[in-house]
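# Commentary on secondary and tertiary structure
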Amino acid sequence: MALSIWEILAVFAAGVGAGTINTIVGSGTLITFPVLLATGLPPVTATVSNALGLIPGSISGAIGYRKELAGQRRRILRLSVGAAIGGLTGATLLLALPSTAFETIVPVLVALALVLVILQPRISKAVQRRRERTGTPARPDGGPLLFTGLTLASIYGGYFTAAQGIIYLSLMGMLVDDTIQRLNAVKNVLAAVVNSIAALFFLFVADFDWTAVVLIAVGSAIGGQIGAKVGRRLSPTLLRALIVVVGTAAIVQLLLR
């Protein structure tokens, strides 16, 4: 589909914005998806084009957070398996289910994730006290519960991707004893895995708008670097506050769609 110069600029700007916000928090799809729909793309074509276009942004954000990724190789490899399985499952469901299938549950999932993000410091302290009483050591990879939770979150990520980063952060923050910045770095890698797996699947079974893909890819790669520079400077409290603000905006937009 041919885009006007203004539509080209709008899609590119949306890609930059999505890459930035995805690296810091997540929910960048809520910027790009409405713009793609406004250009006249069908919902499924917009979804798959967006998934492919955001891959460079996720990779760019992960590279920007490479310092925080140090020492997390085993954790990332384990959780990436669940992300890949979930991403492929979600991509399959996108083509098999009606477009309204997730509309009811998604706002509830995001709201629950926000509550967990807000309560995460208290939950972590309570879990730490319990470990001290029972003598149970902390599991650096979060154990089976985190693997299962992230796999399920990745199914949603492969289906639509909006706010999946917030769900990842809430689960890891509750089940892993580590700083929010290091967990945010892992979130960027997992998002890249889900987007890549879903996009590779879509390449063989769905239609893309390659103009939109290229514009979002270039924009999101730039945005990923911007987001890494900004996000790494945020204090844990400010980062949580930003997550809540973005997540609340995501819920409102999802409910109004």
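What you see is a predicted model; the values in this text were computed from it and never measured.

## Regarding the overall build of the protein chain
A tally of helices and strands in the protein chain yields 12 helices and zero strands. Listing each helix as α and each strand as β along the protein chain from the N terminus yields α-α-α-α-α-α-α-α-α-α-α-α. By the burial criterion, 53% of the 257 residues in the protein chain qualify as buried. In the protein chain, 84% of the contacts between residues at least 6 apart in sequence involve partners at least 24 apart. Put simply, the protein chain shows about 11600 Å² of open surface, and 70% of that area lies on carbon and sulfur atoms.

## Let's talk about the side chain of Ser154
Topologically, Ser154 is positioned in helix H8 (residues 143-159). A relative accessible area of 1% means that Ser154 is categorised as buried. Those residues in contact with Ser154, other than ones at most four positions away along the chain, are Gly82, Ala83, Gly86, Gly87, Tyr168 and Val194.

## Thoughts on the UniProt feature "transmembrane region" (unreviewed entry) in the protein chain
The UniProt record marks residues 28-55, 76-98, 104-124, 145-169, 189-218 and 238-256 with the feature "transmembrane region" (unreviewed entry), using the residue numbering of this structure. The distance separating the terminal C-alpha atoms of residues 28-55 is 12 Å; by composition the span is 79% helix and 0% strand. With 91% helix and 0% strand, residues 76-98 has end C-alpha atoms that lie 32 Å from one another.

## Quick word on helix H9 (residues 164-175)
Here H9 spans 17 Å end to end across 12 residues, near enough to the 16 Å set by a 1.5 Å rise per residue. For H9, the tally of buried residues reaches 11 of 12 residues, placing the bulk of the element in the interior. Gln164, Gly165, Ile166, Ile167, Tyr168, Leu169, Ser170, Leu171, Met172, Gly173 and Leu175 are the residues of H9 that are buried.

Conventions used here
Residues numbered from 1 in each chain as written. Predicted model: local features only at pLDDT ≥ 70, side-chain atom pairs only at ≥ 80, totals over all residues. Heavy atoms only, no water. Helix = DSSP H or I, 4+ residues; strand = E, 2+ residues; numbered from the N terminus. Buried < 20%, exposed > 50% of the residue type's maximum accessible area, 1.4 Å probe, protein only. Contact = heavy atoms within 4.5 Å. Areas by Shrake-Rupley, 256 points an atom, 1.4 Å probe, with all protein chains shown as cover. UniProt positions renumbered as here; feature names shortened; annotations may be inferred. Expected span 1.5 Å × (residues − 1).

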